[in-house]
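Take a look at the letters that make up each chain.
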Amino acid sequence: MTSKITQKGEKIRNFIISLFENKTELKFNEISPKVEKKFGITQNTVRKHLQNMFEQNAIDKEPNSGRSVVYRLPTPTFHSFEYNINQPYLNESTVWVKDFWPLLNTQGDGCKDILTNSFTEIFNNAIEHAKANKIIVNLSVDALYTTIVVIDDGIGIFKKIKEDLNLADEHLSLIELSKGKFTSDPQNHSGEGVYFASMACDYFLIASNNLKYTRNLQEPLELLEDLDMSHQGTTVIMRVKNNTSNNCKKVYDKFSSIEGGFYKTKVPVRLLRYQDEGIVSRSQAKRLLARFNMFKVVELDFEGIDMIGQAFTDEIFRVFKHNHPDIDIQVINATKDVLDMINRINNNIVG
């Protein structure tokens, strides 16, 4: 059975689940009026959503019918698997189909699509590049999310990137990872998989040696409290809404095209910061600009940055743009102070 979910359907289902906060069960006539009022839909439409959620195993109900039917959220589940890198015929596709796909019976098509692509990319990286001995994978499912955690005992992703790109320290690996198109094996890998996985998941985190790379992490992950971030290997957390209306094609279409391939990237400027260090210098700008020439469009995400220095801004918006006029640098989530500095540099450029 397929379960394609629209954006409105995603909101309705997530709202229904939110009604169970601090409640173990709800009757239909406790759910329907609230959903009808919030979304302007009929009682029959609410009933169809609940029935679809029940068939998808996303909600439980008593085996009776009518207005008095009682609904409950399913019990959260947890599964853990361990793999030896040297075991025969170990590959990401077989592991996914054999161990994990059969466990995805409460998710919509979009969630399954994102998790399939994200898991197989991350697991393949652990096999081929981590120099690990074993990989542990945990899968947890609750009413809202499916979360996969992949842990290996290898060299550590940030150390690997540092060595491959000859960087000064591992912290610089975070900014390179965020750009995409990085691979130490260009003949066999495009360097796109981790980037697209990070953009497709609702929450995505890579941790190694006390460094963390995050995307779309809009709220704290309680899972982090139980994970050792100091170990040399790599921990990857991928969390996707069970009822998401998103899918991999939508993400690919946003950053790539048939004609131009992977032509656009989105880079969080905050990754340049060491603790409370300001974003002020030309050297910081040059670190940020490395490999921008591989893209046609670069979105600089200034979320979390209150202000930037003149030298940093000049290096990007005057020097680099002059030398690379074909690369479109776009600015998002910038404060007024950041925009004022950029405009000051742009206004001083003589055409």
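Below is a summary of the structure that appears in this document. (Residues numbered from 1 in each chain as written. Predicted model: local features only at pLDDT ≥ 70, side-chain atom pairs only at ≥ 80, totals over all residues. Heavy atoms only, no water.)

On to helix 1 (residues 7-18). Here helix 1 contains twelve residues, and its C-alpha end-to-end distance of 17 Å stays within 8% of the 16 Å for a straight helix at 1.5 Å per residue. All of the buried residues along helix 1 are Gly9, Glu10, Ile12, Arg13, Asn14, Phe15, Ile16 and Ile17. Tucked inside the fold, the buried residues of helix 1 contact helix 2 (28-39), helix 3 (43-55) and strand 9 (235-241). (Helix = DSSP H or I, 4+ residues; strand = E, 2+ residues; numbered from the N terminus. Expected span 1.5 Å × (residues − 1). Buried < 20%, exposed > 50% of the residue type's maximum accessible area, 1.4 Å probe, protein only. Contact = heavy atoms within 4.5 Å.)

Strands belonging to one sheet form pairs held by backbone hydrogen bonds; the direction of such a pair is parallel or antiparallel. A sheet is described by the order of its strands in space; here three strands give the open sequence 1-3-2, paired in antiparallel fashion. At either end of the open sheet lies a strand with only one pairing partner, and these are strand 1 (26-27) and strand 2 (60-61). (Pairing = 2+ DSSP bridges.)

Below, the discussion takes up the side chain of Gln56. Tracing the backbone shows Gln56 in the loop between helix 3 and strand 2. The exposure class of Gln56 is buried, given its relative accessible area of 2%.

Let's shift gears to the nonpolar core. Judged by nonpolar contacts, the single largest core of 73 residues is most densely connected at Phe204, Leu288, Leu300 and Phe312. When residues of this core are assigned to their parent elements, the largest contribution, seven residues, is made by helix 5 (residues 109-128). When sequence neighbours within four positions are dropped, the list of residues in contact with Leu288 reads Ile175, Lys179, Val267, Val269, Leu272, Leu300, Phe312 and Ile316. Ranked by size, the runner-up nonpolar core spans 20 residues in total, among them Ile17, Leu26, Ile41 and Ala58. (Core = buried A, V, L, I, M, F, W, Y, C linked by side-chain atoms within 4.5 Å.)

Another point: the packing of aromatic side chains. Under the defined criterion, the tally for this structure stands at 17 aromatic pairs. Considering the side-chain rings of Phe119 and Phe123, the 5.2 Å spacing of their centres and the 25° angle between planes classify their relative orientation as stacked. Of this pair, Phe119 and Phe123 both sit in helix 5, four residues apart, roughly one helical turn. For Phe119, a relative accessible area of 0% corresponds to the buried category. With relative accessibility at 0%, the residue Phe123 sits in the buried group. On the numbers, 5.1 Å between centres and 45° between planes, the contact of Tyr195 with Phe262 is tilted. Of this pair, Tyr195 sits in helix 8 (residues 193-200) while Phe262 sits in strand 11 (residues 261-262), and the two are 67 residues apart along the sequence. For Phe262, a relative accessible area of 3% puts it in the buried group. Put simply, the rings of Phe81, Tyr83, Trp96, Phe100, Phe119 and Phe123 touch in pairs and so form one group of aromatic residues. Seen from the ring of Tyr145, Arg239 lies directly overhead, with NZ or CZ sitting 5.1 Å from the centre. (Phe/Tyr/Trp six-rings, centres within 6.5 Å; stacked < 30°, edge-to-face > 60°. Lys NZ or Arg CZ within 6 Å of the ring centre and 35° of its normal.)

This paragraph deals with the packing of helix 8 against helix 9 (residues 248-255). How two helices pack is summed up by the angle between their axes together with the distance between the axes. At a minimum axis separation of 10 Å, helix 8 and helix 9 run at an interaxial angle of 115°. Crossing handedness for the pair helix 8 and helix 9: right-handed. Taken together, the residues of helix 9 that come into contact with helix 8 (itself represented by Tyr195, Phe196, Met199 and Ala200) are Val251, Tyr252 and Phe255. (Axes fitted to C-alpha atoms, helices over the stretch in contact; angles between N-to-C directions. Left-handed = near helix turned anticlockwise from the far one by under 90°.)

Using the criterion set out here, one finds 13 salt bridges in the structure. Notably, a salt bridge pairs Lys98 with Asp99, separated by 3.2 Å at the nearest N-O pair. Judged by its relative accessible area of 61%, Lys98 is exposed. For Asp99, a relative accessible area of 12% translates into the label buried. Of the charged contacts in the structure, one is a salt bridge between Arg282 and Glu315, with a shortest N-O distance of 3.0 Å. Of this pair, Arg282 sits in helix 10 (residues 282-289) while Glu315 is found in helix 11 (residues 310-323), placing the two residues 33 residues apart along the sequence. By relative accessible area, which is 10% here, Glu315 ends up buried. In this structure, a network of salt bridges that share partners links the residues Arg282, Asp314, Glu315 and Arg318. (Salt bridge = Lys/Arg side-chain N within 4 Å of Asp/Glu carboxyl O.)

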